[in-house]
Amino acid sequence: KAIVPGSWGGVMARRWTLLGVLTFLYGVGAFALLGVSPLSPFLLEGFGLTRFQVGLLIPSVYVGGLVFSVPAGRLADRFGLRVCLGGGLVLGGLVLMAGAGTPTFPAFLACLVIAGVGWSSVNPALGIAILGLFPVRERGLAMGIKQMGQTGGGIVAALVLPVVAERWGWRGAIALSGAAVVLFTALGWRPMGSLPSRQPTGPEEPAPRLESAWWWLRRPAIVVFFGSGLGLG
């Protein structure tokens, strides 16, 4: 089972409620970051884009995560849930709000890259939270519930943001999505505070070493999982 030191037992008793909060925040982040895709027709018209330039929107969100995913995992190991999840979401939300006012398309893409950096810290932090909150027999279910947040957020974005853009323009839709992330993360900051700064571990476990960040490349099973995820993506 998950290690339960001291007052951590009370948090364990509320683990499903906390999972609901975390899943909701994950969904809010997806609502904002993945919401760029259904706004593509409005961005095409607003910036006068070519079809090729439209194709850069989603890659710009993910390139920040591609570059920063390994460092984000290290930060999650070191600082834990609230700092990495909350900080990453707030960074993404604020940068999207700034992007809503950018005058040029390259500046908007730069905002998407930075927002993607914040987004990359969310999943590692959620993984650490689930490992600490749930015993082994419940972790698969908890991971599945958590992942529903991203899918649900993308669905809501596809249904809501084009309607907002029709009324207030794409800038209003982007600003609204960024503000929603910041607002709901602020509301979730206190519940996240009941979690430890990092996953509970035994006193004998050494601190992670920075030089081992790429150790997974020497583990064939993990490389196969990585390749499978790449192909599915």
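On a predicted model such as this, the values are computed, not experimentally measured, just so you know. Sequence positions are assigned chain by chain, starting from 1 and proceeding in written order. Local features in a predicted model are, by the rule used here, given only for residues with pLDDT of at least 70; side-chain atom pairs are given and counted only at 80 or more, and totals for whole chains, interfaces and linings are based on all residues. Excluded from the side-chain calculation are hydrogens and water; included are all heavy atoms of the structure.

Caption draft 1: Highlighting the overall build of the chain. Secondary structure follows DSSP: runs of H or I at least 4 residues long count as helices, runs of E at least 2 residues long count as strands, and numbering of each begins at the N terminus. Helix and strand counts for the chain stand at 10 helices and 0 strands. In the chain, the succession of helices and strands from N to C terminus is α-α-α-α-α-α-α-α-α-α. The classification of residues rests on relative accessible area computed with a 1.4 Å probe and restricted to protein chains. Under 20% of the type maximum is buried, over 50% is exposed, and intermediate values are partly exposed. By the burial criterion, 43% of the 233 residues in the chain qualify as buried. The contact criterion used throughout is that any non-hydrogen atoms of two residues lie within 4.5 Å. For the chain, the share of sequence-separated contacts (at least 6 apart) that also reach a separation of at least 24 residues comes to 82%. Accessible area for the chain stands at about 12100 Å²; split by element, carbon and sulfur atoms hold 69% of it. Shrake-Rupley sampling with a 1.4 Å probe provides the accessible areas, and residues are treated as covered by the protein chains on show and by no other component.

Caption draft 2: Representation of the pattern of salt bridges. When a carboxyl oxygen of Asp or Glu is within 4 Å of a side-chain nitrogen of Lys or Arg, the pair counts as a salt bridge. Applying the stated criterion across every chain, the model contains 1 salt bridge. Taking the shortest distance from any N to any O, the salt bridge between Arg15 and Glu138 comes out at 2.9 Å. In this pair, Arg15 is assigned in helix H2 (residues 15-33) and Glu138 in helix H9 (residues 136-192), connecting sequence segments 123 residues apart. This pair shows no difference in class: Arg15 is buried, exactly as Glu138 is.

Caption draft 3: Here's a closer look at the nonpolar core. Within this scheme, the nonpolar core is defined by two criteria: the residues are buried Ala, Val, Leu, Ile, Met, Phe, Trp, Tyr or Cys, and they are joined through side-chain atoms within 4.5 Å. Within the largest apolar cluster, 47 residues are counted, with the highest numbers of intra-cluster contacts made by Leu39, Leu43, Leu57, Leu85, Phe108, Leu112 and Ile174. If you list the elements that add at least two residues to this core, you get H2, helix H3 (40-47), helix H5 (57-79), helix H6 (81-99), helix H7 (105-120), helix H8 (122-133) and H9. Setting aside residues up to four positions removed in sequence, Leu43 forms contacts with Val36, Gly48, Leu49, Leu57, Phe108 and Trp170. Among the nonpolar cores identified, the runner-up in size contains 6 residues, and Leu18, Leu133, Phe134 and Ala142 belong to it.

Caption draft 4: Representation of a nonpolar patch on the surface within the structure. Each patch is built from residues lacking any salt bridge and having more than 30% relative accessible area; the joining distance is 9 Å for like charges and 5 Å for nonpolar side chains (Val, Leu, Ile, Met, Phe, Trp, Tyr). Taken together, the side chains of Phe24, Leu183, Phe184 and Leu187 present a nonpolar region at the surface, about 390 Å² in accessible area. Here the nonpolar patch gets 3 residues from one element, more than from any other, and that element is H9. Mapped onto the elements, Leu187 comes out in helix H9. Leu187 gets classed as exposed once you look at its relative accessible area, which sits at 57%.

Caption draft 5: How the structure looks around H8. For a helix, the expected span equals 1.5 Å multiplied by the residue count minus one. Compared with the 16 Å implied by 1.5 Å per residue over 12 residues, the 16 Å span of H8 between its first and last C-alpha is a close match. Along H8, 9 of the 12 residues are buried, which leaves the element largely enclosed by surrounding structure. Looking only at H8, the buried set comprises Val122, Ala125, Leu126, Gly127, Ile128, Ala129, Ile130, Gly132 and Leu133.

Caption draft 6: A look at the packing of aromatic side chains. Ring pairs shown here join Phe, Tyr and Trp side chains whose ring centres sit within 6.5 Å, with only the six-membered ring taken for Trp; geometry is labelled stacked below 30 degrees between planes, edge-to-face above 60, and tilted in between. All told, the structure shown has 7 aromatic pairs when counted by the stated rule. Each ring, one from Phe47 and one from Phe108, has its centre 5.9 Å from the other, and the planes form 40°; the classification is tilted. In this pair, Phe47 is assigned in helix H3 and Phe108 in helix H7, connecting sequence segments 61 residues apart. Across the pair, Phe108 and Phe47 agree in class, each one buried. Among the aromatic residues, those joined into a ring-pair cluster are Phe47, Phe105, Phe108 and Trp170.

Caption draft 7: Representation of the side chain of Thr185. Examined against the element boundaries, Thr185 turns out to sit in helix H9. Since its relative accessible area comes to 1%, Thr185 is described here as buried.

Caption draft 8: Structural detail: H5. Look at H5: 31 Å from first C-alpha to last across 23 residues, which is about the 33 Å you get at 1.5 Å a residue. What H5 keeps buried is the set Leu57, Ser60, Val61, Gly64, Gly65, Ala72, Gly73, Arg74 and Ala76. Where H5 is buried, its residues touch H2, H3, helix H4 (51-54), H6, H7 and H8. Gly80 sits one or two residues past H5 and shows a positive phi near 85°.

Caption draft 9: Examining the confidence of the model for the chain more closely. As a per-residue quantity, pLDDT reports the predictor's confidence and falls between 0 and 100. On average, residues of the chain score 86 in pLDDT, and 86% of them are at 70 or above. Here residues 1-6 scores under 50 on pLDDT; set against residues more than four positions off or in separate chains, the count is 15 contacts. Segment residues 200-204: pLDDT under 50, and 6 contacts once partners within four positions in sequence are set aside and those in other chains are kept.

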